[in-house]
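Observations on the three-dimensional arrangement
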Amino acid sequence: MTTDKSATSLDKTDATVDAPVGNPEAAEGAATVVDPRLLIREQGFAGYITEFKRKISGGDLGSIPVVVGLAIIAVVFQSMNSEFLSAKNISDIATSMVATGMMAVGIIFVLLLGEIDLSVGSVSGVSGALVAVLSVTQGMNEWLAILVAIVSGAVMGAIHGFFFARIGAPAFAVTLAGLLFWLGFMLQLLGDSGTINLDGDGVVGKLTTYYFTDVAAAYGLAAIAVVGYFAAAFLDTRRREAAGIPSRPIADIAVRTGVLAVFAFAAAYMFNQYRGLPLALVLFLIVLVGTDFVLRRTAYGRKIFALGGSVEASRRAGINVTAIRISVFSIAGTFAAIGGLFWASKIAAANQGSGTGDLLMNVIAAAVIGGTSLFGGRGRTWNALLGVMVIVSIQYGLSLEGIATPIQYMVTGAVLLATVVIDSVTRKTQKTAGRA
């Protein structure tokens, strides 16, 4: 009988614990932790409103700012130039954002620890140079050259992680040194010519130039995404119900699936109006799904979040802090190398400018603008998609109007600053509400 009462009390959203409180004033001002699934199940549509108000008051904005930002960007640039939302421009944006997006995925892993990696641009340049030298100059099989480049990126990242995690050097200093060292190494690889052209019909060349022209490809991918999301959400609901914990009602899952279907099939329609579904985008989406699963559904991912929340608490919980840190920097190096391959594909060459310029800024900005916290412990790999969409959309929108590059830098910098300010204010609000 006692067990039943306990279980019932845990299911109530307004349940309280009759125990002494060390700081009554703080406890009184703290926000009640409410499972949104239970709110929606009990209140229906009104539950969405209640949950939205609770998130706003508690500073839990999630992806709302960036989604609103994307909508504003679309409206503003479309009003300035009707070509902005054309099938060609959307396809070009989708293809161009993949290189930066891939690198941003790796940066997100590092940011979840509350650290930074300044070397990803140089590592990406080394990756492109290795493929060019090995496959073009040395005649190595291109697939093998790609494998060597990606593994090399992982090793370079692990080296940074070793000096940070094992030796105790600051990640900022270690990766800054890596930025300089690998940049010099890339220049050494390219030699006096400084540029090695790639075969446009090769594996790397087709990464950003190949399109699935059959209309069934784009619509098929949209259908897979929609069905996959519904199946995952449905199974999660059944699992939670079996465990006796709050779960989303089927109607809620259906609404979310419907919204996803609208955007997925609209995107598929637009791609089919131009050249078809870009291979680069397909690969990027596969990476996002895979890395999101790793972070949210595996013990390894939970350890990363735990480490970003508190290093000492993670250590006391038995987590191998050194191993996790090294592995995370290795992951960042791996995705930097993959991003470098897409950059090489985009320009059909490896040259001395690879990995330099504003690339590092855009990679970090994409992760942060997308919603990943600079303070660690909060973020998802899908943030890379949202963030890079903002950056590349701004760049393409300004380019359509013939606005100079300096203005593009200033606008992107302003957006990044606004995002960081929102992140900082959000954290303060969450602490005030007792949710941090």
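Definitions and limits used
- Residues numbered from 1 in each chain as written.
- Predicted model: local features only at pLDDT ≥ 70, side-chain atom pairs only at ≥ 80, totals over all residues.
- Heavy atoms only, no water.
- Core = buried A, V, L, I, M, F, W, Y, C linked by side-chain atoms within 4.5 Å.
- Buried < 20%, exposed > 50% of the residue type's maximum accessible area, 1.4 Å probe, protein only.
- Helix = DSSP H or I, 4+ residues; strand = E, 2+ residues; numbered from the N terminus.
- Contact = heavy atoms within 4.5 Å.
- Salt bridge = Lys/Arg side-chain N within 4 Å of Asp/Glu carboxyl O.
- Axes fitted to C-alpha atoms, helices over the stretch in contact; angles between N-to-C directions.
- Parallel < 35°, antiparallel > 145°, perpendicular 65-115°, else oblique.
- Left-handed = near helix turned anticlockwise from the far one by under 90°.
- Nonpolar A, V, L, I, M, F, W, Y, C, P; charged D, E, K, R; others polar.
- Expected span 1.5 Å × (residues − 1).
- pLDDT = per-residue confidence, 0-100.
- Phe/Tyr/Trp six-rings, centres within 6.5 Å; stacked < 30°, edge-to-face > 60°.
- Patch = residues over 30% accessible without salt bridge, like charges linked within 9 Å, V, L, I, M, F, W, Y side chains within 5 Å.
- Areas by Shrake-Rupley, 256 points an atom, 1.4 Å probe, with all protein chains shown as cover.

Here we come to the nonpolar core. Among the nonpolar cores identified, the biggest contains 93 residues, and Val105, Phe284, Ile304 and Phe342 are the most heavily contacted of them. Per-element tally for this core: the top contributor is helix H6 (residues 87–112), with 15 residues. Those residues in contact with phenylalanine 284 that lie beyond four places of it in its chain are Val98, Gly101, Met102, Val105, Leu385 and Val388.

Here the structure, examined in full by the defined rule, presents nine salt bridges. Here arginine 296 and aspartate 292 are joined by a salt bridge, their closest N and O atoms 3.1 Å apart. Highlighted residues: arginine 296 and aspartate 292, both in helix H12 (residues 279–297), separated by four residues, approximately one helical turn. Residue classification places arginine 296 among the partly exposed positions, given a relative accessible area of 37%.

A separate point is the environment of glutamine 188. Structurally, the position occupied by glutamine 188 is in helix H9 (residues 171–190). The class of glutamine 188 is exposed, set by a relative accessible area of 64%. Distance in space between the C-alpha atoms of glutamine 188 and valine 126 is 9.8 Å, their sequence separation being 62 residues.

Further remarks concern the packing of helix H7 (residues 120–137) against H9. Packing of H7 against H9 leaves a shortest axis separation of 8 Å and a crossing angle of 20°. Comparing their axes, H9 and H7 come out roughly parallel. For the pair H7 and H9, the sense of crossing is left-handed. Across the interface between the two elements, Ser122, Val123, Gly125, Val126, Ala129, Leu130 and Val133 of H7 pack against Gly178, Leu179, Trp182, Leu183, Phe185, Met186, Leu189 and Leu190 of H9. Class assignment for the residues of the contact of H7 with H9 results in 12 nonpolar, three polar and no charged.

The next point concerns the environment of phenylalanine 185. Assignment of secondary structure puts phenylalanine 185 in helix H9. When its relative accessible area of 34% is taken as the criterion, phenylalanine 185 is described as partly exposed. Between the alpha carbons of phenylalanine 185 and valine 126 there is a distance of 7.2 Å; along the sequence they are 59 residues apart.

Once that is clear, we can look at the side chain of asparagine 362. Within the secondary structure, asparagine 362 is located in helix H16 (residues 359–369). With a relative accessible area of 7%, asparagine 362 lands in the buried category. Those residues in contact with asparagine 362 that sit more than four places away from it in its chain are Thr100, Ile391, Gln395 and Thr412.

Once that is clear, we can look at the packing of H7 against helix H8 (residues 142–167). Contact geometry of H7 with H8 gives a least axis separation of 9 Å together with a crossing angle of 150°. The orientation of H7 with respect to H8, classified from their angle, is roughly antiparallel. Helix-helix and strand crossings are classified by hand; for H7 and H8 the assignment is right-handed. From H7, Val123, Val126, Ser127, Leu130, Val131, Leu134 and Ser135 reach across to H8, where they touch Glu142, Ala145, Ile146, Val148, Ala149, Ser152, Gly153, Met156 and His160.

A separate point is H7. Between the first and last C-alpha of H7 there are 25 Å, a value that for 18 residues agrees with the 26 Å anticipated at 1.5 Å per step. Where burial is concerned, most of H7 is hidden: 16 out of the 18 residues are buried.

Moving on to the confidence of the model for the protein chain. Note that predicted coordinates carrying low pLDDT should not be read in detail. Considering every residue of the protein chain, the mean pLDDT works out to 84; 83% of them sit at 70 or more. Across residues 1–33, where pLDDT falls below 50, the model places 16 contacts with residues more than four positions away in sequence or in other chains.

A positive phi angle is found at alanine 348, which is not glycine, with a value near 55°. The topology assignment puts alanine 348 in the loop between helix H15 (321–347) and strand S4 (349–351). Using a relative accessible area of 33% as the deciding quantity, one classes alanine 348 as partly exposed.

In this structure, valine 392 sits in helix H17 (residues 382–400). Each C-alpha atom of the pair valine 392 and valine 98 lies 10.0 Å from the other, and the pair is 294 residues apart in sequence. Beyond its immediate chain neighbours, meaning those up to four positions away, valine 392 contacts Ile93, Ser96 and Met97.

So, about the packing of aromatic side chains. Under the criterion given, the structure shown has eight aromatic pairs. Ring centres of phenylalanine 181 and tryptophan 182 lie 4.9 Å apart, and the angle between their planes is 90°; on these two criteria the pair is classed as edge-to-face. Judged by its relative accessible area of 54%, phenylalanine 181 is exposed. Tryptophan 182 sits in the buried class, given a relative accessible area of 11%. The structure contains a cluster of three or more aromatic residues connected by ring pairs, namely Phe181, Trp182 and Phe185.

Here the focus is a nonpolar patch on the surface. Together, Leu144, Leu147, Val151, Val155, Ile159, Phe162, Phe163 and Ile167 make up a nonpolar patch on the protein surface, roughly 690 Å² of accessible area in all. Tracing the backbone shows valine 151 in helix H8.

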